[in-house]
Amino acid sequence: MARSESNIREVNPLFARPGEETTYSRTRLQNGEMLPETAYQLVHDEVMLDGNARLNLATFVGTWMGPYAEKLYSETFDKNMIDKDEYPATAAIEERCWRILADLWHAPDPDHTIGTSTIGSSEACMLAGLAFKRRWQNARKAAGKPAATPNLVMSSAVQVVWEKFCNYWDVEARYVPISEEHKTLDGHDLASYVDENTIGVVVIMGVTYTGMYEPVTKVAAALDEIQKNTGLDIPIHVDGASGGMIAPFLQEDLEWDFRVERVHSINTSGHKYGLVYPGLGWVIWRSRDLLPEDLIFYVSYLGGDMPTFALNFSRPGAQVLLQYFNFLRLGRTGYRAVQQASQDTAKHLADGIAKHGAFELWNDASDIPVFAWRLKAGHTDKWTLYDLSDRLRTYGWQVPAYPMPDDLSDLTVQRIVVRNGLSIDLADKLLGDIAAATADLESLPAPIPHTVAKRGFHH
């Protein structure tokens, strides 16, 4: 390979050790070895190009846990979650964690339900969707009816994992569009979307686009009325990727979980507001009979016979232990304090944005610590929220701008996700930077040309 090729790099002379090659390829495996010190320095320096995690207000994923969690992580990163025979203590802790969540989400009998950890909420959603589909198929076959055309009903603002589920497992996706009048899936006109082939309805606790809760009780009431009129008994899955670890602490009286009888299953992300490093998810069914037995595999592995329901096989066990660490360390009081601090910061930011003359809030962070805003109609033709997002990057902030889905696709919003670690002081710095960036944009003598189409949002 010629040294002139773009993927050949010189090793910094200060890093290179005697006897090592002075160049390396970024896309081909080298013939020779490299000392660990050199390899470490090369990778370490390259990822310095990544953004500052504390200033990344686009992601829901946790970026900080503290020294004792990091110590535990370093001691357990070699544990394989699937190998329950070799790591029985880790397996027992996994079960404790999902039983804790079952109790937190008001399962009728937490000791006789079933759940599992996953790589993240995406896998958890896939498993919940598969359980819906298989239960529907089994019921249709038992009744002598065709089972070839299942559909799943959800909001047009659903996270992309549900689009993937429907694509990968041959399920028709039926999207109920959100609108200015119906900002979330709230049961409005639901009867137009469900039929005998509907395997379930997905309700989101913390819409990715805006952070808003979809009202589980209203959707359940609409499905109750549909059942009364048609006999169709359609279950709900609650996608609580974010809200599943917020609502139990900040909105304790809100009925969204297994207190609503029509809710069959719930997922959450341990690595979001569960406050664990990525990647970790959880999915739990209200009772064991709601997870079809024919989806569970009993496998012989390293001397043990064990049940498994997962898309992944070998996967890290360390994050499960970190979740248990957080449960022990924080308890209800600690989680409430952490989540309240995040919400207080989010509301402080939302208030600051609301007072700015250029913007109008879409929501105010009263659900999860997330909110979105748009430009006021007619405010300017010189710049857009995409331009503001670009300007904020020059200050180090990552604040995404994106179009809303379907019927609102001509509406652009900007969104902030507040996670543990974003202090009020940093929030005030952000508000000051937004004011400065906006003033700079307002002073432009002519509109900014936009020659590149803006893409949709799938974070």
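Here's a quick rundown of the structure. (Residues numbered from 1 in each chain as written. Predicted model: local features only at pLDDT ≥ 70, side-chain atom pairs only at ≥ 80, totals over all residues. Heavy atoms only, no water.)

### So, the overall build of the protein chain
Link 1 in the chain: Within the protein chain, the secondary structure is distributed over 10 helices and 15 strands.
Link 2 in the chain: For the protein chain, the C-alpha radius of gyration of 24 Å lies close to 23 Å, the compact-globule estimate for 459 residues.
Link 3 in the chain: When contacts within the protein chain are restricted to residue pairs at least 6 apart in sequence, long-range pairs at least 24 apart make up 69% of them.
Link 4 in the chain: When the accessible surface of the protein chain is summed, it comes to about 21700 Å², and 51% of that surface belongs to carbon and sulfur atoms.
Link 5 in the chain: Once the 43 positive and 60 negative side-chain charges of the protein chain are each reduced to a mean point, those two points are 1 Å apart. (Helix = DSSP H or I, 4+ residues; strand = E, 2+ residues; numbered from the N terminus. Rg over C-alpha atoms; globule rule 2.2 N^0.38 Å. Contact = heavy atoms within 4.5 Å. Areas by Shrake-Rupley, 256 points an atom, 1.4 Å probe, with all protein chains shown as cover. Lys, Arg positive; Asp, Glu negative; His and termini not counted. Charge placed at Lys NZ, Arg CZ, Asp CG, Glu CD.)

### Details of the sheet that holds strand S6 (residues 198–204)
Link 1 in the chain: The sheet built from seven strands is open, its strands ordered S3-S9-S8-S7-S6-S4-S5 with mixed pairing. With one partner strand each, in any of the chains shown, strand S3 (114–118) and strand S5 (172–176) form the two edges of the open sheet. In this sheet, adjacent strand axes meet at a mean angle of 20 degrees when their direction is disregarded.
Link 2 in the chain: Relative to strand S8 (residues 263–269), strand S7 (residues 236–239) runs parallel, the two sharing four bridges. Each residue of the ladder has a partner; that of His-237, found in S8, is Ser-265.
Link 3 in the chain: Strands in contact with helix H6 (residues 216–230) are S6, S7 and S8; relative to S7, the strand with the most contacts, it is inclined by about 165 degrees. (Pairing = 2+ DSSP bridges. Axes fitted to C-alpha atoms, helices over the stretch in contact; angles between N-to-C directions.)

### A short note on unusual backbone geometry
Link 1 in the chain: Along the chain, Pro-278 connects to Gly-279 via a cis peptide bond; the corresponding omega equals 0 degrees.
Link 2 in the chain: With phi around 60 degrees, Asp-189 is a residue other than glycine that occupies positive phi space.
Link 3 in the chain: Along the chain, Asp-189 falls in the loop between S5 and S6.

### Topic: helix H9 (residues 385–393)
Link 1 in the chain: Considered for burial, the residues of H9 that qualify are Leu-385, Tyr-386, Asp-387, Leu-388, Ser-389 and Leu-392.
Link 2 in the chain: Against the buried residues of H9 lie strand S12 (359–361), strand S13 (370–375), strand S14 (401–403), strand S15 (412–417) and helix H10 (424–442).
Link 3 in the chain: N-capping of H9 is provided by Thr-384, with a side-chain oxygen placed 3.2 Å from the backbone N of Tyr-386. (Buried < 20%, exposed > 50% of the residue type's maximum accessible area, 1.4 Å probe, protein only. Polar contact = N/O pair within 3.5 Å; in protein donor to acceptor, adjacent residues only side chain to side chain.)

### Quick look at H6
Link 1 in the chain: Taking 1.5 Å per residue as the helical rise, H6 with its 15 residues ought to reach 21 Å, and the 21 Å between its terminal C-alpha atoms agrees with that figure.
Link 2 in the chain: Burial in H6 covers these residues: Val-216, Val-219, Ala-220, Ala-222, Leu-223 and Ile-226. Projected onto a plane normal to the axis of H6, the buried residues spread over an arc of 160 degrees and lie on a single side. In H6, the exposed residues that point more than 90 degrees away from the buried face are Lys-218, Lys-228 and Asn-229.
Link 3 in the chain: Buried residues along H6 sit in contact with S6, S7 and S8.
Link 4 in the chain: Gly-231, located one to two residues past H6, shows a positive phi value of around 85 degrees. (Expected span 1.5 Å × (residues − 1). Arc of directions from axis to C-beta.)

### Considering the pattern of salt bridges
Note that side chains of opposite charge can pair when their charged atoms are close.
Link 1 in the chain: Scanning all chains against the criterion turns up 16 salt bridges.
Link 2 in the chain: A salt bridge links Glu-94 to Arg-315; the nearest nitrogen and oxygen atoms lie 3.6 Å apart. On the criterion of sequence distance, the pair formed by Glu-94 in helix H3 (residues 88–104) and Arg-315 in the loop between strand S11 (304–308) and helix H8 (318–355) is long-range, its members being 221 residues apart. The same class applies to Glu-94 and to Arg-315, which are both buried.
Link 3 in the chain: Residues Glu-172 and Arg-174 are paired through a salt bridge, measuring 3.1 Å at the closest nitrogen-oxygen approach.
Link 4 in the chain: Given a relative accessible area of 40%, Glu-172 falls into the partly exposed group.
Link 5 in the chain: Given the relative accessible area of 19%, Arg-174 is considered buried.
Link 6 in the chain: Linked through salt bridges whose partners overlap, the residues forming this network are Glu-172, Arg-174 and Asp-195. (Salt bridge = Lys/Arg side-chain N within 4 Å of Asp/Glu carboxyl O.)

### Describing the state of the cysteines
Link 1 in the chain: Under the counting rule described, the total for this entry stands at zero disulfides.
Link 2 in the chain: With no disulfide partner, Cys-97 has as its closest neighbouring cysteine sulfur the one in Cys-125, 19 Å distant.
Link 3 in the chain: Of the residues examined, Cys-97 reaches a relative accessible area of 0% and is grouped as buried.
Link 4 in the chain: In this model Cys-125 remains outside any disulfide bridge; the closest cysteine sulfur is found in Cys-166, 11 Å from its own.
Link 5 in the chain: Assessed through its relative accessible area of 1%, Cys-125 is described here as buried. (Disulfide = S-S within 2.5 Å.)

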